[in-house]
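Here's the letter readout for the chains.
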Amino acid sequence: MKKYFLSLSVFLIAILGYSQAVVFQEGFETQPYSVTGSGSPAWSAVTNLYYEGTHSYRNPLAMDATAYLTTNSFSTTGNSYVSLSFAHICKIEVADTAAIEVSVDGGVTWQKLTTTHYEGSGTLINGYAFSAMSYNPDWQPINSLVAPTNDWWRVETFDISSIAANKSDVRVRFRVKDGNSNGGGGAAGWYLDDIKVVAAASERTPPTITLLSDTLVSFNLILGPIETILDISSVFIFIVSLITLSDFSIPIISSY
Ligand SMILES: [Ca+2]
């Protein structure tokens, strides 16, 4: 009996201790933006495609060009886990590359994000780059001239903890480069929206609870005469159960 109360307490503390902070966010809705663009043609806000709000940010690739979009500096000090996420449509030719880099030294040096950091479901070309081929056939890589729609948005997540945890000066930049000297080749370009960096002192993903034995744990809730048997499969159910138990402060856990 006490064993279960102890286990429940440990899980509750772990769950309540789980917290995270958004240390950078840009959705391109209100100027001034927290990013700086470089390259020609320039990045610009558009309203025909957006993931959230009514705007996204786009670069239509120019001939032999490399364009960067760099976030303002942000700090992750005190946090061991750092996650970058953003929504995008990368309608660029297969020969062109869109990549993400991280700096922790004021923008002096940059580290490219690769499949090592990637947590999304797209294909990183050569292990690091997005293009229309990343979501084939959804982004229609065989036809550069097809215009994207809002159905094309994909959300990407990178675990950048190994680079950016506990750093006082972190920057992320998005780099798009013409790889075959024809600019965008008629493709619409790279659209970004809802860029977000989340930092946490402890593990970013809440613990999951798996019943390892065939012994069921029953919770005799006093809300009614029906004995409720919970197969513990979600943290949410666990919390609700704990709150219910705590409210009435009676020993109502038993096992069999
Ligand atoms: Ca937006």
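1. Some points on the sheet that holds strand 10 (residues 171–177)
Here is step 1: Pairing is antiparallel in the open sheet, where 5 strands are placed in the order 2-5-10-7-8. Only two strands of the sheet have a single partner each, and these edge strands are strand 2 (35–38) and strand 8 (111–112).
Here is step 2: In this structure, strand 5 (residues 66–71) lies alongside strand 10, joined through 5 bridges in antiparallel fashion. Within strand 10, the residue paired with Ala67 across the bridge is Val176.

2. What to know about the pairing of strand 5
Here is step 1: Side chains of strand 5 alternate between two faces, with Ala67, Leu69 and Thr71 buried and Thr66, Tyr68 and Thr70 left unburied.
Here is step 2: Note that strand 2 and strand 5 share 4 bridges and pair antiparallel. For Thr36, the partnering residue across the bridge sits in strand 5 and is Thr70.

3. Quick notes on the confidence of the model for the protein
Any residue range with low pLDDT should be treated as having predicted coordinates unsuitable for detailed reading.
Here is step 1: Across the protein, pLDDT averages 83, with 72% of residues at or above 70.
Here is step 2: Here residues 8–16 is modelled with pLDDT under 50, and outside its nearest four sequence neighbours on either side it reaches 9 contacts, counting other chains as well.
Here is step 3: Confidence drops under pLDDT 50 across residues 218–256; counting only partners more than four residues distant or on other chains, this segment forms 41 contacts.

4. Concerning unusual backbone geometry
Glycine aside, negative phi is the norm for most residues, and most peptide bonds take the trans geometry.
Here is step 1: Of note, the amide linkage connecting Gln31 to Pro32 takes the cis form, showing an omega dihedral of 0°.
Here is step 2: Position of Pro32 relative to the elements: it lies in the loop between strand 1 (20–26) and strand 2.
Here is step 3: Across the junction of Ser40 and Pro41, the peptide omega takes the value 5°, indicating a cis bond.
Here is step 4: Structurally, the position occupied by Pro41 is in the loop between strand 2 and strand 3 (44–46).
Here is step 5: If you check the backbone angles, Phe28 has positive phi at about 65° while not being a glycine.
Here is step 6: Its place among the elements puts Phe28 in the loop between strand 1 and strand 2.
Here is step 7: A positive phi angle, close to 50°, is found at Asp194, a residue other than glycine.
Here is step 8: As for its position among the elements, Asp194 is in strand 11 (residues 189–200).
Here is step 9: For Asp194, a count of 20 C-beta atoms within 10 Å translates into the label buried.

5. Section: the nonpolar core
Here is step 1: Counting 47 residues, the largest nonpolar core has Cys90, Ile92, Val102, Ile160, Ala164 and Leu192 as the members making the most contacts within it.
Here is step 2: Counting residues per element, the ones that place at least two in this core are strand 5, strand 6 (81–91), strand 7 (97–103), helix 2 (161–164), strand 10 and strand 11.
Here is step 3: Sort the elements by how many residues they give to this core and strand 11 lands first, with 7 residues.
Here is step 4: When neighbours within four sequence positions are excluded, Ala164 is seen to be in contact with Thr76, Val82, Val102, Val104 and Val170.

6. Here we look at the environment of Gly179
Here is step 1: Within the element layout of this structure, Gly179 appears in the loop between strand 10 and strand 11.
Here is step 2: The partly exposed category is assigned to Gly179, around which 15 C-beta atoms lie within 10 Å.
Here is step 3: In this structure the C-alpha to C-alpha distance between Gly179 and Thr97, which are 82 residues apart in sequence, comes to 6.8 Å.
Here is step 4: If sequence neighbours within four positions are ignored, Gly179 has contacts with Ala95, Asp96 and Thr97.

7. Remarks on the environment of Glu156
Here is step 1: Mapped onto the fold, Glu156 is located in strand 9 (residues 154–159).
Here is step 2: Under the C-beta neighbour-count criterion, Glu156 is labelled buried, with 20 such atoms within 10 Å.
Here is step 3: Taking C-alpha positions, Glu156 is 9.6 Å from Ile195, a pair spaced 39 residues apart along the chain.
Here is step 4: Beyond its immediate stretch of four places on either side in the chain, Glu156 contacts Ser85, Phe86, His88, Gly120 and Gly122.

Cut-offs applied
- Residues numbered from 1 in each chain as written.
- Predicted model: local features only at pLDDT ≥ 70, side-chain atom pairs only at ≥ 80, totals over all residues.
- Pairing = 2+ DSSP bridges.
- Helix = DSSP H or I, 4+ residues; strand = E, 2+ residues; numbered from the N terminus.
- Buried ≥ 20, exposed ≤ 12 C-beta atoms within 10 Å, placed from the backbone.
- pLDDT = per-residue confidence, 0-100.
- Contact = placed C-beta atoms within 7 Å.
- Core = buried A, V, L, I, M, F, W, Y, C linked by C-beta atoms within 7 Å.

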